[in-house]
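Commentary on secondary and tertiary structure
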Amino acid sequence: MLTVDQNDRLSLVGPGTPCGELMRRYWHPIAAVSQMKDRATMPVKLLGEELVLFKDRSGTFGLVDNRCPHRRMGMVYAIPQEHGIRCAYHGWVFDETGRCTEQPYEETENPNSRFKEKVSIPSYPVQQLAGLVFAYMGPAPAPLLPNWDVFSIDGVIRDIGYTELPCNWLQCQENSLDPVHSEWLHGEWGNYVAEMRGEGDMIRPRYENERIGFDLFEYGIIKRRLVKGGSYEDPEWAQGHPIVFPYFLRQGGSGVHRDSWKKGLARNVGPSFQIRVPLDDTHTGHWWVMCHPQQDGESEQNPEDIPFFQPPLVELDASGRPRWEVLDSNSAQDVAAWITQGDVADRTKESLGRSDKGIIMFRRMIDEQIR
């Protein structure tokens, strides 16, 4: 178990917190490009800060504070310009760097005014990659945007999913360091979910864990799992699942993708990411980025046209019963485990065992990187 101070150190992400300062050294996905196809602004929460993502009429993206530095009106109502956005209240214009480029009345009253040079709106750099908009909130110089295979591989069709979860990011990511839960949460309980849904034909074997393993590698930890009757040559052991620090789970393989909440999807699946972005201390933006081999007649996707979906949030119904209809996937079952741990899991009351060695390793890695 952890002390209260240790738990806060590893989980809280606001400005000035140890983990928050660490997280500001990484690029974070904040939106799908397709979400901005028919809009100019979108409110964004990231690492405890309230921001506005905008796209001006030239197609340039920017990320700024959610309130104008003049009289504090919300910038979500700003008007897109050819370069930058204009506050709806008094017409001040700001570009993607936060620089004030126009102050209509001030410049009319005094054509030689240099007031705008003294005003700026807090802003952060953004970049596009694989249909996502990423933001960087840390000190300059910004690191390179990591071009992982899921983002860069050719010959695939991508789709992107997103949901906002009412819990801290760490309990989501720790799930990736826990191979044993797959036997019970997705096996035993998954079969119970199928039973409660009246889908007896969906009952599947529960694969017992015979051994689990974890290896450090250059970008994080590789999780391995050997099931009873399996072989060390099986992909779940031989290849494993890379946990890319700080909050990516890289998955891959072929076969029918059983883990999507998009009904009717049944096609081969290539490499994919689950990404658990800390929005604030008690909310996580969960992204799915999935690659599918191109089929005949399919061409390269325009970033604005990459399909975007939002799964229903797992929650109890009005009578306090589980909503079995939305618990029919591994992802939904994971979410049920995460959010029922509370807003921020109280790790002062947990009892870790031998099966939790990966979680202990990951916590030590976070603390090491903070230091």
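Located above this text is the structure these notes cover.
Residues numbered from 1 in each chain as written. Predicted model: local features only at pLDDT ≥ 70, side-chain atom pairs only at ≥ 80, totals over all residues. Heavy atoms only, no water.

**Looking at the packing of aromatic side chains**
Note the following rule: Stacked, tilted and edge-to-face pairs are distinguished by plane angle, under 30 degrees for stacked and over 60 for edge-to-face with tilted covering the rest, among Phe, Tyr and Trp rings (Trp via its six-membered ring) whose centres lie within 6.5 Å. To qualify as a helix, a DSSP run of H or I must reach at least 4 residues; to qualify as a strand, a run of E must reach at least 2; elements of each kind are numbered from the N terminus. Partly exposed describes any residue whose relative accessible area lies between the buried limit of under 20% and the exposed limit of over 50%, with all areas from a 1.4 Å probe on protein chains only and scaled to the type maximum. In this scheme, Lys NZ or Arg CZ marks a charge over a ring once it lies within 6 Å of the ring centre and within 35 degrees of the ring normal.
This structure, assessed with the given rule, holds 16 aromatic pairs. Between the aromatic rings of tyrosine 162 and tryptophan 287, the centroid separation amounts to 4.4 Å while the plane-to-plane angle is 45°, which identifies the pairing as tilted. With tyrosine 162 in strand β12 (residues 156–165) and tryptophan 287 in strand β18 (residues 283–293), this residue pair connects regions lying 125 residues apart in the sequence. Taken together, a centroid distance of 4.8 Å and an interplanar angle of 65° make the contact between phenylalanine 248 and phenylalanine 273 edge-to-face. Of this pair, phenylalanine 248 sits in strand β16 (residues 248–251) while phenylalanine 273 sits in strand β17 (residues 272–280), and the two are 25 residues apart along the sequence. The class of phenylalanine 273 is buried, set by a relative accessible area of 2%. Against the face of tryptophan 184 rests arginine 206, its NZ or CZ located 4.2 Å from the ring centre.

**A word on the nonpolar core**
Convention followed: By nonpolar core is meant a set of buried Ala, Val, Leu, Ile, Met, Phe, Trp, Tyr and Cys residues that side-chain atoms within 4.5 Å join together. By the convention used here, residues are in contact when the closest approach between their heavy atoms is within 4.5 Å.
One finds Ile30, Leu53, Phe151 and Ile366 to be the most contacted residues of the largest nonpolar core, which totals 62 residues. Beyond its immediate chain neighbours, meaning those up to four positions away, phenylalanine 151 contacts Leu129, Ala130, Leu132, Phe134, Pro146, Arg158, Phe248, Phe273, Ile275 and Val289.

**So, the side chain of asparagine 66**
You can see asparagine 66 is positioned in the loop between β4 (61–65) and β5 (79–80). Each residue touching asparagine 66, except ones within four places of it in the same chain, is listed here: Glu50, Leu51, Val52, Met73, Gly74 and Met75.

**Looking at the pattern of salt bridges**
The line we're drawing: Any carboxyl oxygen of Asp or Glu that lies within 4 Å of a side-chain nitrogen of Lys or Arg is treated as forming a salt bridge with it.
Considering all chains together, one arrives at 25 salt bridges under this definition. One salt bridge connects arginine 363 with glutamate 350, and the closest N-O pair in it is separated by 2.5 Å. Taken together, the positions of arginine 363 in helix α9 (residues 357–370) and glutamate 350 in the loop between α8 (330–339) and α9 put the pair 13 residues apart, joining distant regions of the chain. For arginine 363, a relative accessible area of 7% gives the class buried. Of the residues examined, glutamate 350 reaches a relative accessible area of 18% and is grouped as buried.

**Considering the state of the cysteines**
What counts here: The disulfide criterion is simple: two cysteine sulfur atoms within 2.5 Å.
Overall, the coordinates contain zero disulfides when judged by the stated rule. Between cysteine 19, a free cysteine, and cysteine 172, which holds the nearest cysteine sulfur, the sulfur-to-sulfur gap is 13 Å. For cysteine 19, a relative accessible area of 0% translates into the label buried.

**Some points on the packing of helix α6 (residues 181–196) against α8**
Heads up, the condition is: Axis angles are defined between N-to-C directions and span 0 to 180 degrees, where every axis is a line fitted to C-alpha atoms and, for a helix, only to the segment in contact. Roughly parallel covers angles under 35 degrees, roughly antiparallel covers those over 145, roughly perpendicular covers 65 to 115, and oblique covers all other angles. When residues are grouped by polarity, Ala, Val, Leu, Ile, Met, Phe, Trp, Tyr, Cys and Pro land in nonpolar, Asp, Glu, Lys and Arg in charged, and all others, Gly among them, in polar.
Remark: α6 packs on α8, axes separated minimally by 10 Å, with the N-to-C direction vectors making an angle of 110°. The angle between α6 and α8 places the two elements in the roughly perpendicular class. Packed against α6, whose contacting residues are His181, Leu185, His186, Trp189 and Gly190, the element α8 presents Asn330, Gln333, Asp334, Ala336 and Ala337 at the interface. The class makeup of the residues in the contact of α6 with α8 is four nonpolar, five polar and one charged.

**A word on the pairing of strand β3 (residues 49–55)**
Applicable threshold: At least two bridges found by DSSP between two strands is the condition for calling them paired.
For β3, the buried fraction is high: six of the seven residues fall into the buried class. Hairpin connection from strand β2 (residues 41–46) to β3: two residues lie between these consecutive antiparallel strands, with leucine 47 at a positive phi of about 50°. Where β3 meets β4, five bridges bridge the pair, whose relative direction is antiparallel. Within β4, the residue paired with phenylalanine 54 across the bridge is glycine 62. Counting the residues between successive antiparallel strands, the hairpin from β3 to β4 contains five residues, one of them, glycine 59, with a positive phi of roughly 90°.

**Looking at α9**
Our working rule: In this analysis, the expected span of each helix is defined as 1.5 Å times one less than the number of residues it contains. By construction, the arc corresponds to the directions joining the helix axis to the C-beta atoms.
With 14 residues, α9 extends 20 Å from end C-alpha to end C-alpha; this agrees with the ideal 20 Å at 1.5 Å per step. Buried residues of α9: Gly358, Ile359, Phe362, Arg363, Met365, Ile366 and Ile370, and no others. Seen end-on, α9 carries its buried residues on one side only, within an arc spanning 155°. Elements in contact with the buried residues of α9: α1 (4–11), α2 (18–23), α5 (169–174), β13 (209–217), β14 (220–227) and β15 (241–244).

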